Amino acid sequence: MDAGVTEDAIELRYRFDTKVLPAAMSGWWRSAVPPQKFVHRAVFWAVVWLGLLVLAGAIGQYGLSPVLVIAGILGAGVMVAAFAYLQRTRMRQFYRIVGAHWDQTGEIAVRFDAQGVDMRDDVSMQRYAWAAIDAVHRAKGATVLRTGMAMIAIPDAALPEGLDPSAFRARLNGWRGS
Amino acid sequence: MSDSFRFEVDNTGEARAEIATMIATGHADTWQVRYARWRVMMAMVGAGMLALIVVMLLARLFTGGQPSLLLGVGAAMIGAGAWNMLARRSVGRLVGGLSEPSAVMDGPQVWTFDADGVRIVSDVVDSRFTWRAFDRVLEGQSALGLASGAVYFAMPLEDADVRADLLGRIEAWMQA
């Protein structure tokens, strides 16, 4: 399989750079999680802030300064920030473990055509019909194809000159939708 | 080795979820799980104390008086609760998204195991992996999984004896 783009197919050859993995997994996540409606988000945060205002008013009734609510919010923010930091460090370890698979694969050759996706590497051969691809999604530096709970990540760097990532995704979606 | 084992299975979604959970919780290394739990607990205590100090300092700054410990503890608990709620909402939305019907997980599949590797065939996917593609085989309560980093496959297999036998053979093939 040689790399190239024709009217009938796109063929790529690349080694997967695991630096793309966090962005690819983020793209996979967004492809699975439907965006929340603006109205839902607006109502949720309106209720939260209204609750805090009521709390500030209530503690004022007991002779305490309502400004203490701000101190409380900032303290709670410290707690949330600490958890967010912990999550980041855990995810870094997670990416290192899950990225180990690509140490085995060597060069990946992938072909996209009207029938589906054909992938070959040092340890596997995989053929997906387009019906197996649940979503084609943009990620930072990559295109992510979600298939069930798994993903196929194509780094933008693997695309040949003259084929930009959005045109690539448009062609995949064209085949997928036909 | 000429041994070959063929299984026809259906609806692998639950098996995949079971194996994914095993991978995510690092079941293979119990010490890792214990370490992770201790780390989270220590982080919670540390973050709680930090939140307490911030609240006390800010309250003193704003009001000039001595605020009660209750306010700091309350703020720390609200922060922990808010994070928990955000995490649960996030996971809930992901589970909701993944519960949509998927041709990859919902349809019938044929799994064939032999000394060279495993082949998984369905109406929409045909995959062949050598044993070098996987670094471990996982045994769940009702499923068998093959995993390598983020890449994993799971097959529902209720019969514990068959599962144990197959597990032993796969381990031998992987080490060969």
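Note that the structure is a prediction, hence the values are computed from the model and not measured. (Residues numbered from 1 in each chain as written. Chains lettered and ligands numbered in written order. Predicted model: local features only at pLDDT ≥ 70, side-chain atom pairs only at ≥ 80, totals over all residues. Heavy atoms only, no water.)

Visitor: If you had to explain the sheet that holds strand E7 (residues 151-156) of chain B to someone new, which residues and values would you point to?
Guide: Strand pairing in a sheet relies on backbone hydrogen bonds, with the paired strands running either antiparallel or parallel. All names here are of chain B. Pairing within the open sheet is antiparallel, and its three strands lie in the order E5-E6-E7. Strand pairing shows two members of the sheet lacking a second neighbour, strand E5 (136-139) and E7, which therefore form its edges. Strand-to-strand, the axes of this sheet are offset by a mean angle of 20°, without reference to chain direction. As defined by bridge partners, strand E6 (residues 143-148) adjoins E7 across six bridges and the pair is classed as antiparallel. Directly across from Ala-147, in E7, lies its bridge partner Tyr-152. The sheet contacts of helix H5 (residues 160-175) involve E5, E6 and E7, and relative to E5 the element is tilted by about 170°. (Pairing = 2+ DSSP bridges. Helix = DSSP H or I, 4+ residues; strand = E, 2+ residues; numbered from the N terminus. Axes fitted to C-alpha atoms, helices over the stretch in contact; angles between N-to-C directions. Contact = heavy atoms within 4.5 Å.)

Visitor: Tell me about the side chain of Asp-134 of chain A, and please be specific about residues and values.
Guide: Its place among the elements puts Asp-134 of chain A in the loop between strand E5 (124-129) and strand E6 (135-139). Among the polar contacts listed, one links the side chain of Asp-134 of chain A to the backbone nitrogen of Gly-148 of chain A, at a separation of 2.7 Å. In this structure, Asp-134 of chain A is in contact with Arg-146, Thr-147, Gly-148 and Arg-176 of chain A together with Ser-102 and Ala-103 of chain B, ignoring residues within four places of it in sequence. (Polar contact = N/O pair within 3.5 Å; in protein donor to acceptor, adjacent residues only side chain to side chain.)

Visitor: Could you give an account of helix H2 (residues 38-61) of chain A, with specific residues and numbers?
Guide: All names here are of chain A. Compared with an ideal rise of 1.5 Å per residue, which puts 24 residues at 34 Å, H2 spans 35 Å between its outermost C-alpha atoms and is within 8% of the ideal. Restricting attention to buried positions, one finds in H2 the residues Phe-44, Ala-56 and Ile-59. After H2 finishes, the residue Gly-63 shows a positive phi value of roughly 85°. (Expected span 1.5 Å × (residues − 1). Buried < 20%, exposed > 50% of the residue type's maximum accessible area, 1.4 Å probe, protein only.)

Visitor: Outline the packing of aromatic side chains, supporting the account with residue identities and numerical values.
Guide: The tally for this structure, following the rule as stated, stands at 12 aromatic pairs over all chains. With a centroid separation of 5.0 Å and 80° between ring planes, the pair formed by Phe-44 of chain A and Trp-45 of chain A is classed as edge-to-face. Arranged with centres 6.2 Å apart and planes meeting at 90°, the rings of Phe-134 of chain B and Phe-153 of chain B form a pair that is edge-to-face. Placement of Phe-134 of chain B in the loop between strand E4 (125-130) and E5 and of Phe-153 of chain B in strand E7 is noted, with a sequence separation of 19 residues between them. Relative accessible area serves as the criterion here: at 6%, Phe-134 of chain B is assigned to the buried category. Ring-pair connections join several aromatic residues into one group, and the members of that group are Phe-5, Phe-7, Trp-111, Phe-113, Trp-131 and Trp-173 of chain B. (Phe/Tyr/Trp six-rings, centres within 6.5 Å; stacked < 30°, edge-to-face > 60°.)

Visitor: Outline the pairing of strand E1 (residues 4-9) of chain B, listing residues and values.
Guide: All names here are of chain B. The side-chain alternation of E1 yields one buried face, formed by Phe-5, Phe-7 and Val-9, and one unburied face, formed by Ser-4, Arg-6 and Glu-8. Both E1 and strand E2 (residues 109-114) contribute to a ladder of six bridges, which runs antiparallel. Across the sheet, Val-9 pairs through a bridge with Gln-109, a residue of E2.

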